[in-house]
Amino acid sequence: MRIPCPFCGERDLSEFSYLGDAARQPDLGADLAEPLFKAVYLRDNPAGPHEELWQHLFGCRSWLIVTRNTVTHEILAATLAQQAMRG
Amino acid sequence: MYAWRPKCCRRHCANAVRYSLINLVRQALSGHQGWGPAWRDAEPKRSYDVIVVGGGGHGLATAHYLAKVHGIRHVAVLEKGWIGSGNAGRNTTIIRSNYLLPGNNPFYELSMKLWEGLEQDLNFNTMVSQRGVLNLFHSDAQRDAYARRGNAMRMHGVDAELLGPEAVRRMLPFLNFAAARFPIQGGLLQRRGGTARHDAVVWGYARAASDRGVDIIQNCEVTGFLRNGARITGVQTTRGDIQAGKVGIAVAGHTSRLAAMANLRLPIESHVLQAFVSEALKPFISCVVTFGAGHFYISQSDKGGLVFGGDIDGYNSYAQRGNLPAVEDVCESGMALMPAIGRVRMLRSWGGIMDMTMDGSPIIDRTPHAGLYLNGGWCYGGFKATPASGYCFAHLLALDEPHATARAFRLDRFVSGHLLDEKGQGAQPNLH
């Protein structure tokens, strides 16, 4: 697998570390128990395209949102997480 | 010469020919024409008392114990491919019960006891070999942790021995004692642990279940669930709808996909775990050895191949193949532990899809839907659990209450906070 880091270009898998599903974290509202349980423990775990967080650990150290097919390992897109989270 | 077979196969009556010395001699004298198939490749009926989805070791074991222990014989096992084509055929065949936590240990010890009597129970040679499982430690802290685990095991009635470096050296003199970056300080040995033949386990359970009237239906993929209000009343399959009193799913690796058909979101991620086998060598590794300074486990099969593996690749995957960084990591660990294997050629590698739960422990429980039961989340450890998993899942399906040894494997433990975190890594599946 090679991931196209928006900063560094296409780099080998071994330079990255994986965090997991890039689903948005809950808003910090009044009752957190239920939303936190869902955010911490539950996953969609799809077979197919999956948005996930990777860090280019041995490169620019940016956090990325990578869209990857979990059945074929094809990388469909990679954007800077900072931009995606702002937008 | 097959004239006897169709009649016998259509009814549940005739048991498969018993495997015994007398029958071996008898069959030899008649040219081995009378053995017959080991199990019936059944056609789906319209309804069953219980449907088990997944024709791997766990599903077939469930069907066997449903029929044998609970007398529920109107059972179907549905398999989307052929039986044993998933993780049952993609593991490293290790059996052990060296667990620390009170929620885990009695369950895995039940499994070990079932392994010890499995061949007599199934009348099938599953090649259970209690050659020992040795977990090496490489630091004082790790020694303390293993001593604690060993003590916990012994308090549960499980065998455990803490070995010093000299005892390990006597067992496995070719390990890297001299120039190691992480010198071996000893190991925790479970002599009753070992290996079993994975395909034989699948076929043994299939034969024994089929003998008691269970229908094993291959090439039958579940595509949805039948409902009556909130209750699950059957499954939709590629071979038509089938009604059932209860549906149990045992499809670890793909549990999330099946659960999604019932609108369930689970605390599971699917990850790929690679395993490897080398060319065949003369016998030199006498037991199962694990490397404590990395994640690496190795044993030698009866054919002589070294069977070994390490960490999961670490990212969600449903592809039954992994990438090179994990291969490199496993081989580096192997070289650090036993440099002697450096010139051995790797024969094959393969990947299996692991249900990685958020605490590294499995789930055997009811679901929020009446009539639907869940067995999954086996992480790295599905194979050794096969007999107890089937035994406890059958208990749950038959009696609607968890078996005493599987009470901790609840689906709602993530809500209530009663996690079963054997490794102490928290809710990060790729670290378990």
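Residues numbered from 1 in each chain as written. Chains lettered and ligands numbered in written order. Predicted model: local features only at pLDDT ≥ 70, side-chain atom pairs only at ≥ 80, totals over all residues. Heavy atoms only, no water.

This part is about the overall build of chain A. When helices and strands are counted, chain A shows 2 helices and 6 strands. Starting at the N terminus, the α and β elements of chain A follow one another as β-β-β-α-β-β-β-α. Over its C-alpha atoms, taken along the principal directions, chain A stretches across nearly 40 × 25 × 20 Å. Counting across all 87 residues of chain A, residues that qualify as buried make up 39%. In chain A, the share of contacts with a sequence separation of at least 24, taken over all contacts with a separation of at least 6, comes to 46%. Positive and negative side-chain charges in chain A, numbering 8 and 11 respectively, have mean positions lying 6 Å apart. (Helix = DSSP H or I, 4+ residues; strand = E, 2+ residues; numbered from the N terminus. Buried < 20%, exposed > 50% of the residue type's maximum accessible area, 1.4 Å probe, protein only. Contact = heavy atoms within 4.5 Å. Lys, Arg positive; Asp, Glu negative; His and termini not counted. Charge placed at Lys NZ, Arg CZ, Asp CG, Glu CD.)

On to the sheet that holds strand E4 (residues 133-137) of chain B. Residues and elements named next belong to chain B. What the 8 strands build is an open sheet, ordered E5-E6-E4-E13-E14-E15-E12-E16; its pairing is mixed. In this open sheet, the two strands that pair with only one neighbour each are strand E5 (161-163) and strand E16 (346-357). Going from strand to strand, the sheet's axes swing by 25 degrees on average, the running direction of each strand aside. Summarising the sheet, strand E13 (residues 288-291) and strand E14 (residues 296-300) pair through 3 bridges and their orientation is antiparallel. The partner of Phe291 across the bridge, within E14, is Phe296. (Pairing = 2+ DSSP bridges. Axes fitted to C-alpha atoms, helices over the stretch in contact; angles between N-to-C directions.)

Attention now goes to the interface of chain A and chain B. The interface of chain A with chain B comprises 24 residues on the first partner and 26 residues on the second. For the pairing of chain A and chain B, the buried interface totals around 2,200 Å² over both sides, and the portion due to carbon and sulfur atoms is 52%. Close ionic contact of Arg265(B) with Asp44(A) constitutes a salt bridge, the shortest N to O distance being 2.7 Å. For the side of chain A that touches chain B, the element with the most residues is helix H1 (residues 33-41) of chain A, which contributes 4 residues. (Buried area = accessible area lost by both parts, 1.4 Å probe. Salt bridge = Lys/Arg side-chain N within 4 Å of Asp/Glu carboxyl O.)

Another point: helix H6 (residues 140-155) of chain B. Because the α-helix completes a turn every 3.6 residues, residues three or four places apart line up on one side. Residues and elements named next belong to chain B. Here H6 spans 22 Å end to end across 16 residues, near enough to the 22 Å set by a 1.5 Å rise per residue. Along H6, the residues classified as buried are Gln142, Tyr146, Arg149, Gly150, Ala152 and Met153. Buried residues along H6 cover an arc of 160 degrees about the axis, so they all sit on one side. Exposed and oriented more than 90 degrees from the buried face of H6 are Asp140, Ala141, Asp144, Arg148, Arg154 and Met155. Directly after H6, the chain includes Gly157, whose backbone phi takes a positive value near 85 degrees. (Expected span 1.5 Å × (residues − 1). Arc of directions from axis to C-beta.)

For Asn45(A), which is not glycine, the phi dihedral falls at a positive 50 degrees. Assignment of secondary structure puts Asn45(A) in the loop between H1 and strand E4 (49-55). According to the relative accessible area criterion, Asn45(A) is buried, its value standing at 2%. In this structure, Met127(B) takes a positive phi of about 55 degrees despite not being glycine. Within the secondary structure, Met127(B) sits in the loop between helix H5 (118-122) and E4. In this structure Met127(B) comes out as partly exposed when scored by relative accessible area, which is 33%.

The next subject is helix H8 (residues 198-211) of chain B. Residues and elements named next belong to chain B. With 14 residues, H8 ought to run about 20 Å at 1.5 Å a step, and its terminal C-alpha atoms sit 20 Å apart, in line with that. Counting buried positions over the 14 residues of H8 gives 11, a clear majority of the element. Listed in full, the buried residues belonging to H8 are His198, Ala200, Val201, Val202, Gly204, Tyr205, Ala206, Arg207, Ala208, Ala209 and Ser210. Those residues of H8 hidden inside the fold are in contact with helix H3 (57-70), helix H4 (105-116), H5, strand E8 (215-217) and helix H11 (382-399).

Residue and element names in this part refer to chain B. Taken as a whole and judged by the stated rule, the model has 22 salt bridges over all chains. Glu43 is the partner of Arg239 in a salt bridge, and the nearest nitrogen-oxygen pair spans 2.8 Å. With Arg239 in the loop between strand E10 (231-237) and strand E11 (240-249) and Glu43 in the loop between helix H2 (21-29) and strand E1 (47-53), this pair connects stretches of sequence that are 196 residues apart. Between Arg410 and Asp412 there is a salt bridge, with the nearest N and O atoms lying 2.8 Å from each other. The partly exposed category is assigned to Arg410, whose relative accessible area is 43%. If you follow the salt bridges from partner to partner, you end up with Glu109, Lys113, Glu116, Asp159 and Arg192 in one network.

Take the sheet that holds strand E5 (residues 63-69) of chain A next. Residues and elements named next belong to chain A. If you trace the 4 strands from one edge of the open sheet to the other, you get E3-E4-E5-E6, paired in antiparallel fashion. On the outer flanks of this sheet lie strand E3 (17-21) and strand E6 (75-80), each paired with one strand and no other. The sheet shows a mean angle of 30 degrees between the axes of neighbouring strands, direction not considered. The sheet contact formed by E5 and E6 spans 5 bridges and is antiparallel. What sits directly across from Leu64, in E6, is Leu80.

With that settled, the discussion passes to the pairing of strand E2 (residues 9-12) of chain A. Residue and element names in this part refer to chain A. Where strand E1 (residues 2-5) meets E2, 4 bridges bridge the pair, whose relative direction is antiparallel. Paired with Ile3 across the strands is Arg11, a residue of E2. Hairpin remark: E1 followed by E2, antiparallel, with 3 residues in the connecting loop.

On to the environment of Leu110(B), then. Residue and element names in this part refer to chain B. One can find Leu110 in helix H4. Overall, the relative accessible area of 19% leaves Leu110 in the buried class. For the pair formed by Leu110 and Phe124, sequence separation is 14 residues and the distance between their alpha carbons is 20 Å. Not counting chain neighbours up to four residues away, the residues in contact with Leu110 comprise Ala388, Tyr391, Cys392, His403 and Thr405.

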